[in-house]
Structure formats: structure tokens, C-alpha cells
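# Close look at the chain arrangement
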Amino acid sequence: MGNRKLLNIELGRVSVQEYKELPDSGVVVVLDNVRSAHNVGAAFRTADSFKIDKVWLCGICAVPPSAEIHKSALGAEDSVAWEHVDDTMEAVARLKEQGYTIVSIEQTTKSVMLDRFTPEKGKKYALIFGNEVSGVAQDVVDASDFSLEVPQFGTKHSLNVSVTVGVILWHFRLAFLRG
């Protein structure tokens, strides 16, 4: 009578078709020149987990179909809508036209610490995550409505982009659940 792990068939997961029929969350992920296909795949998997509406793959991002993306996405690249654009600024312009609040996840002189930010339920957010080395491009930061920063307490100045996607999306989902 211990604390038994659940079997996959007991988790009650939705099918890909059922996923696509769920209500929109109002949140999209924008990957700004994320180099690693494994990080792209992890972003898809996390986006699926938190029912994100779309992943925008910008610039040098790998795109499905890709064995490397699939290895970390585990098929989430089939459930989450996605689009590739050559330039992140094109995605930003299109998202602004669609009424999204543009949020760069970046350390800036005016960034808002994540623990001090509560997203508004019903508002649409485009969350931009940057390149593994250079982060979100400065022109994209400049075009954003604001920047969010994950508070950190150790000796390193950044998290892996796939980890950051998880932290940010959990924060948004939790706020919407409580909202």
C-alpha cells in the first residue's frame, strides 16, 4: 500500500486531436535563433505540457521533421502548432498585429523579476526565448513591451534555454489556474 508510480495508461492524457481541440491558452513561445535542436525539442515538449498555442521558430532554429527535435520533443512537435520565419522581428510584428503583448525573457536594465510579475488572464502573451550564447537579440528586446527575468541565486548568470522555458511557462500556467 505504498506510494505507487502511475502507469502511462493511468495518466489520462489527451490525444493529439483532443489537444488541438482544447481552448487556446493565449500564450505562444517564440524561439529567437535557438541553435540546439534538442533545446527546440524540449521547448515543444514543455509547450505541449502547458497547452501553449504555438511555437514560432525563428532564424537558425531547427524545424520538424527532425530526429534530434523528436528525440527530446517525444512527438510534441505534432501536437503543438508551429511556424518558421527567417527573422524574429517578422514574428514580433505579426504577433503585435494579432494583439499579443511581446515579452522578452532576458536580463535587461529594466527587466521585471518573474516573482514580481503576474500575467493577466485573458491577455495574450508572446514569450521570446533567445539563443544559447547571445540571448534575445537587442532589436527584439527593443521591440518588446517588456522583459522578464528569472531570479537566480548562484554563481552562474543564466539557465539553459529549455529550463527557462519550463520555469516561465509554469509561472504563466499557475497564474492562469489561480486567476
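Everything below is about the structure shown above.
This section reports on the structure supplied with the text. (Residues numbered from 1 in each chain as written. Predicted model: local features only at pLDDT ≥ 70, side-chain atom pairs only at ≥ 80, totals over all residues. Heavy atoms only, no water.)

### Looking at the overall build of the protein
Scanning the protein from terminus to terminus reveals 7 helices and 7 strands. When the helices and strands of the protein are read in sequence order from the N terminus, they spell out α-β-α-β-α-α-β-α-β-β-β-α-β-α. On C-alpha atoms alone, the protein measures out to a radius of gyration of 16 Å, which is about the 16 Å that the 2.2 N^0.38 rule sets for 179 residues. A buried classification covers 46% of the 179 residues belonging to the protein. Summarising the internal contacts of the protein: among those between residues at least 6 apart in sequence, 84% fall at separations of at least 24. If the 19 positive side-chain charges of the protein are averaged to one point and the 23 negative ones to another, these points end up 8 Å apart. (Helix = DSSP H or I, 4+ residues; strand = E, 2+ residues; numbered from the N terminus. Rg over C-alpha atoms; globule rule 2.2 N^0.38 Å. Buried < 20%, exposed > 50% of the residue type's maximum accessible area, 1.4 Å probe, protein only. Contact = heavy atoms within 4.5 Å. Lys, Arg positive; Asp, Glu negative; His and termini not counted. Charge placed at Lys NZ, Arg CZ, Asp CG, Glu CD.)

### Thoughts on the sheet that holds strand β4 (residues 101-105)
As summarised here, the arrangement of the 7 strands in space is β3-β2-β1-β6-β4-β7-β5, forming an open sheet in which the pairing is parallel. Only two strands of the sheet have a single neighbouring strand rather than two, namely β3 (81-85) and β5 (112-113). In this structure, strand β1 (residues 27-32) lies alongside strand β2 (residues 54-58), joined through 5 bridges in parallel fashion. Paired with Leu31 across the strands is Leu57, a residue of β2. Along the sheet face, helix α2 (residues 37-49) touches β1, β2 and β3 and points at about 165° away from the line of β2. (Pairing = 2+ DSSP bridges. Axes fitted to C-alpha atoms, helices over the stretch in contact; angles between N-to-C directions.)

### Here's the deal with the side chain of Ser79
Looking at the element boundaries, Ser79 is found in helix α4 (residues 76-79). A distance of 2.6 Å separates polar atoms of two side chains, one belonging to Ser79 and the other to Asp48. Residues in contact with Ser79, not counting those within four places in the same chain, are Val16, Tyr19, Lys20 and Asp48. (Polar contact = N/O pair within 3.5 Å; in protein donor to acceptor, adjacent residues only side chain to side chain.)

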